[in-house]
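Inside the fold
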Amino acid sequence: MPSDPRYLPVVRGAICALSATMGWDESDCRAITLALDEALANIIRHAYHNRADGVIEVECRETADGLEVTMLDKGEAADGTRICARAIACDQPGGLGTHIIRDVMDTVSYQATPAGNRFVATKRLRKAT
Amino acid sequence: MKISIRDAGETKIVEIEGDVDLGTSPDLRRTLFDSLLHAPRLALNLAAIRYIDSSGIATLIEVLKDSQRRNKQFVLFGLSPAVRQVFHLTHVISIFQVFQTEEEALGSA
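Overview of the structure. Values in this document were obtained by computation on a predicted structure and should not be read as measured data.

With respect to the overall build of chain A
- When helices and strands are counted, chain A shows three helices and four strands.
- Listing each helix as α and each strand as β along chain A from the N terminus yields α-α-β-β-α-β-β.
- A buried classification covers 33% of the 129 residues belonging to chain A.
- Taking as baseline every contact in chain A between residues at least 6 positions apart, the subset at least 24 positions apart corresponds to 61%.

This is the structure we're talking about:
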């Protein structure tokens, strides 16, 4: 997708539909969609500095135990020391998105690679027994 | 996202419809800050919001803090389960005055 916020609803729609198809309930689908939307918004704001002409590659893959989402961008690399650096549950408006991502997803990683910045998040699907 | 504003006594009621995200939250921010200048009390109806992200929540926190600096009141009402879930995920629900209905929000002055 282009690094343009106008396309965020399109990706949200796809992720929500995918999560529902894979078996998550409505509440989990909303949370997963929010978390991945926050990751995209962070790339637009911090990697591309709100430039709309960048590209974000989004890959959603069904794994043996759930969902794995990879996002690749060619913007500025994230500063690892600032990710989740702020305290949650206070009245400061910034930095909420990364907390949502870590709260909702089971694993989250950020990596600068020769191909660009790589964000990978996974969520396990706990099947009813 | 659609925004409409109406007056109810000394309260300005702002109603939002649609999605509040990185692309639309600047419009909401401008509207809320401007409305706060023109009334002692601002009530935001969130009932018709389909989606809100952390940039929307951050906007509401900014408006709340501005209202406190100006000795004005900023309240929320009509939170759907989807919107309430985002407030809980961001752990900020407790800093806002939240009401179920417009009548309750207007009666809280």
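With respect to the overall build of chain B
- Within chain B one finds four helices and five strands.
- The secondary structure elements of chain B, listed N-terminal to C-terminal, are β-β-α-β-α-β-α-β-α.
- What you see for chain B is a C-alpha radius of gyration of 12 Å, in line with the 13 Å of a compact globule of 109 residues.
- Principal axes of the C-alpha set define a box for chain B whose edges measure 30 × 25 × 25 Å.
- Counting only residues that meet the buried cut, chain B has 43% of its 109 residues in that class.
- In chain B, the proportion of contacts linking residues at least 24 apart, taken out of those at least 6 apart, comes to 72%.

With respect to helix 3 (residues 81-89) of chain B
All names here are of chain B.
- Burial in helix 3 covers these residues: Val83, Val86, Phe87 and Leu89. In an axial view of helix 3, the angular spread of the buried residues amounts to 165 degrees, which keeps them on one side of the axis. In helix 3, those exposed residues whose orientation departs by more than 90 degrees from the buried face are Pro81 and His88.
- Just past helix 3, the residue histidine 91 takes up positive phi, approximately 60 degrees.

Brief notes about the sheet that holds strand 2 (residues 11-20) of chain B
Residue and element names in this part refer to chain B.
- Pairing within the open sheet is mixed, and its five strands lie in the order 1-2-3-4-5. Bordering the open sheet on either side are strand 1 (2-8) and strand 5 (97-99), each of which pairs with just one other strand. When the angles between neighbouring strand axes are averaged without regard to direction, this sheet yields 25 degrees.
- In this sheet, strand 5 lies alongside strand 4 (residues 73-77) in parallel orientation, the contact comprising three bridges. Counterpart to valine 75 in the pairing with strand 5 is glutamine 97.
- Across the sheet, helix 1 (residues 25-37) is in contact with strand 1, strand 2 and strand 3 (41-52); its angle to strand 2 comes to roughly 180 degrees.

Thoughts on the pairing of strand 3 (residues 107-113) of chain A
Residues and elements named next belong to chain A.
- Across the seven residues of strand 3, zero count as buried, placing the element largely on the outside.
- Pairing of strand 3 with strand 4 (residues 116-124), which is carried by seven bridges, proceeds in the antiparallel orientation. Across the sheet, the residue bridging to glutamine 111 is arginine 118, located in strand 4.
- The hairpin formed by strand 3 and strand 4 contains two residues between the paired strands.

A look at the nonpolar core
- Formed by 59 residues in total, the largest nonpolar core has its most connected members in Ala35, Ala39, Leu40, Ile43 and Val104 of chain A together with Ile57 of chain B.
- Looking at this core element by element, the count peaks at 11 residues for helix 2 (residues 26-47) of chain A.
- When near neighbours in sequence (up to four residues on either side) are disregarded, alanine 39 of chain A contacts Met71, Ile101, Phe119 and Ala121 of chain A.

A closer look at the interface of chain A and chain B
- In this complex, chain A contributes 23 residues to the contact, which on the side of chain B involves 20 residues.
- Counting residues per element, the ones that place at least two in the side of chain A that touches chain B are helix 1 (8-22), helix 2 and helix 3 (96-104) of chain A.
- The element that contributes the greatest number of residues to the side of chain A that touches chain B is helix 2 of chain A, accounting for nine residues.
- In the side of chain A that touches chain B, the residues fall into 12 nonpolar, three polar and eight charged.

How each quantity is defined
- Residues numbered from 1 in each chain as written.
- Chains lettered and ligands numbered in written order.
- Predicted model: local features only at pLDDT ≥ 70, side-chain atom pairs only at ≥ 80, totals over all residues.
- Helix = DSSP H or I, 4+ residues; strand = E, 2+ residues; numbered from the N terminus.
- Buried ≥ 20, exposed ≤ 12 C-beta atoms within 10 Å, placed from the backbone.
- Contact = placed C-beta atoms within 7 Å.
- Rg over C-alpha atoms; globule rule 2.2 N^0.38 Å.
- Arc of directions from axis to C-beta.
- Pairing = 2+ DSSP bridges.
- Axes fitted to C-alpha atoms, helices over the stretch in contact; angles between N-to-C directions.
- Core = buried A, V, L, I, M, F, W, Y, C linked by C-beta atoms within 7 Å.
- Nonpolar A, V, L, I, M, F, W, Y, C, P; charged D, E, K, R; others polar.

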